[in-house]
Amino acid sequence: MPVPASPKEEIIIAAECMFAARGLDGVSMRQISAAAGNANHSAVQYHFGSKDELIEAIFEYRLPALDERRRMLIARLRPSDVRSWVECYVLPILEQGEQDGSHYLGFVAVLQQSDERHLFERIPAAYLESTSTFRDAIGELLSHIPEPLRIHRVRQAMAFSIHAAADRERAQASGVDVFPFAVHVADLLDGIVGFLEAPVSATALAALDGIEPTALASPVLL
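## Some remarks on unusual backbone geometry
For step 1, the next point in the chain: Each neighbour pair has its own omega, and for glutamate 147 with proline 148 the value is 5°, a cis peptide bond.
For step 2, the next point in the chain: Here proline 148 shows up in the loop between helix H7 (129-141) and helix H8 (149-173).
For step 3, the next point in the chain: If you check the backbone angles, arginine 78 has positive phi at about 45° while not being a glycine.
For step 4, the next point in the chain: When you line up the elements, arginine 78 lands in the loop between helix H4 (51-77) and helix H5 (82-96).
For step 5, the next point in the chain: When its relative accessible area of 68% is taken as the criterion, arginine 78 is described as exposed.

## Observations concerning the side chain of serine 161
For step 1, the next point in the chain: Within the fold, serine 161 resides in helix H8.
For step 2, the next point in the chain: Overall, the relative accessible area of 0% leaves serine 161 in the buried class.
For step 3, the next point in the chain: Leaving out residues up to four positions away in the same chain, serine 161 has contacts with Val90, Ile93, Leu94, Leu188 and Ile192.

## A short note on the packing of helix H1 (residues 7-22) against H4
For step 1, the next point in the chain: Where H1 contacts H4, the two axes come as close as 10 Å, and the packing angle between them is 100°. Taken as axis vectors, H1 and H4 run roughly perpendicular relative to one another. Counting all contacts with H1, which are made through Glu9, Ile11, Ile12, Ile13, Ala15, Glu16 and Phe19, the residues of H4 involved are Lys51, Leu54, Ile55, Ala57, Ile58, Tyr61 and Arg62.

## Some words on the environment of aspartate 115
For step 1, the next point in the chain: With respect to the secondary-structure elements, aspartate 115 resides in the loop between helix H6 (104-112) and H7.
For step 2, the next point in the chain: Of the residues examined, aspartate 115 reaches a relative accessible area of 73% and is grouped as exposed.
For step 3, the next point in the chain: When the C-alpha atoms of aspartate 115 and arginine 71 are compared, they prove to be 31 Å apart, with 44 residues separating the residues in sequence.

## Quick word on H7
For step 1, the next point in the chain: Across its 13 residues, H7 extends 19 Å between first and last C-alpha, which sits within 8% of the 18 Å expected from 1.5 Å per residue.
For step 2, the next point in the chain: Those residues of H7 lying buried are Ser130, Thr131, Phe134, Ala137, Ile138 and Gly139.
For step 3, the next point in the chain: Buried residues in H7 make contact with H4, H5 and H8.

## Points about the side chain of arginine 62
For step 1, the next point in the chain: Structurally, arginine 62 is set in helix H4.
For step 2, the next point in the chain: By relative accessible area, arginine 62 is classed as buried at 11%.
For step 3, the next point in the chain: Of note is the side chain of arginine 62, whose polar atom sits 2.8 Å from the side chain of glutamate 16.
For step 4, the next point in the chain: With sequence-adjacent residues up to four places away left out, arginine 62 is seen in contact with Glu16, Gln96, Gln99, Gly101, Ser102 and Tyr104.

Conventions and cut-offs
- Residues numbered from 1 in each chain as written.
- Predicted model: local features only at pLDDT ≥ 70, side-chain atom pairs only at ≥ 80, totals over all residues.
- Heavy atoms only, no water.
- Helix = DSSP H or I, 4+ residues; strand = E, 2+ residues; numbered from the N terminus.
- Buried < 20%, exposed > 50% of the residue type's maximum accessible area, 1.4 Å probe, protein only.
- Contact = heavy atoms within 4.5 Å.
- Axes fitted to C-alpha atoms, helices over the stretch in contact; angles between N-to-C directions.
- Parallel < 35°, antiparallel > 145°, perpendicular 65-115°, else oblique.
- Expected span 1.5 Å × (residues − 1).
- Polar contact = N/O pair within 3.5 Å; in protein donor to acceptor, adjacent residues only side chain to side chain.

As structure tokens, then:
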């Protein structure tokens, strides 16, 4: 028999759903408390203190499982090329969107486009070990692509995967027909790998002239 969610978990789940649907500024703490079934309108402040801390709590609720799933895939697949590393990193994101009641990808997509992006920097390092492993491995495999193009490509590819998964998550929640999951995964991985490995054109190289290799910070990947 499933263990009932605690009051804190109910608030996290309600906040994730509402942030994904309405944006970070479109939801009040009071509305989140009500959606979580809590008669105490100050419940969010009581459990989390602020909206920023509630957002961090959503990451702390979801990231351990994502990180563990990536570890398992790395151990099983022993990735050695771009596609296998992308699969190990992206597949758990896509699987998350298939879970009943999940709005995590929609929440992350909204946060990426908001003025609160700095909150990504406050995620505890313990939840991002698989991210660091992936970033280092993919960097070595794409060493033929000059910086900062390499970082830019990885950042864009991962942002695309988040938004593609969020679109599918929202579609399924709305009852819209989607491709079978296996087709969705295979086609998305094909596109991401093709983008990452595409040769750098003379036009792109010329446009890089004068740009410092460290012009972009390392991408935040989730």
